[in-house]
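Summary of the model geometry
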Amino acid sequence: MRTVIRNILAVIIGWLGGSLVNMGLVQIGHMSIPIAGVDPNDMDALAAVMPTLGFEYFIFPFLAHALGTLVGAAIAGLIAVHHKMKFSLGIGALFLLGGIMVNYILPGPTWFAATDILFAYIPMAWVGGKIAKRLSKGTQ
């Protein structure tokens, strides 16, 4: 039973940790490269302006998605008792679903959606799983 609880906590804490990194980087992006005349909390205004934005406005969203997934996957892999890579990739799949949803709600340029979906989630979750496995070997 203790294994099951720890594995459930791996998913919850990995998701929360990755989400905090994601949200923090998105906020830093809005502060560093503000969109003139647009409230970043107004989804309708963001959706309207997204297709017109230049490359620089997509750096922080990509970093937020990639690093949030990486951190969340590493946390989940570190906490999981067994099958660390599967838990890390599970976090990647969870974040991928969120990324697909965000790309649907806030449609940006096609190049960004493709880059984001292909490189920010599953590859970063795999790297997070590798990190977790490497760090876990030292504690066993």
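Here the structure is a predicted model, which means the values were calculated and not measured.

What counts and what doesn't
Residues numbered from 1 in each chain as written. Predicted model: local features only at pLDDT ≥ 70, side-chain atom pairs only at ≥ 80, totals over all residues. Heavy atoms only, no water. Phe/Tyr/Trp six-rings, centres within 6.5 Å; stacked < 30°, edge-to-face > 60°. Helix = DSSP H or I, 4+ residues; strand = E, 2+ residues; numbered from the N terminus. Buried < 20%, exposed > 50% of the residue type's maximum accessible area, 1.4 Å probe, protein only. Arc of directions from axis to C-beta. Contact = heavy atoms within 4.5 Å.

Some details on the packing of aromatic side chains
In total, this model carries four aromatic pairs according to the counting rule given. Taken together, Phe 55, Phe 58, Trp 111 and Phe 112 form an aromatic cluster joined through their ring pairs.

A look at the environment of Gly 108
Looking at the element boundaries, Gly 108 is found in the loop between α4 (84-105) and α5 (110-119). Judged by its relative accessible area of 23%, Gly 108 is partly exposed. Residues Gly 108 and Val 81, spaced 27 residues apart in sequence, show a C-alpha to C-alpha distance of 39 Å.

Some thoughts on α5
Listed in full, the buried residues belonging to α5 are Phe 112, Ala 113 and Asp 116. Looking down the long axis of α5, one finds its buried residues gathered within 100° of arc, a one-sided arrangement. Every exposed residue of α5 that faces more than 90 degrees away from the buried side is listed here: Thr 110 and Leu 118. Buried-residue contacts for α5 involve α3 (59-79) and α4.

Regarding the environment of Leu 70
Assignment of secondary structure puts Leu 70 in helix α3. A relative accessible area of 17% places Leu 70 in the buried class. C-alpha separation for the pair Leu 70 and Val 102, spaced 32 residues apart in sequence, amounts to 18 Å. Not counting chain neighbours up to four residues away, the residues in contact with Leu 70 comprise Met 124, Val 127, Gly 128 and Ile 131.

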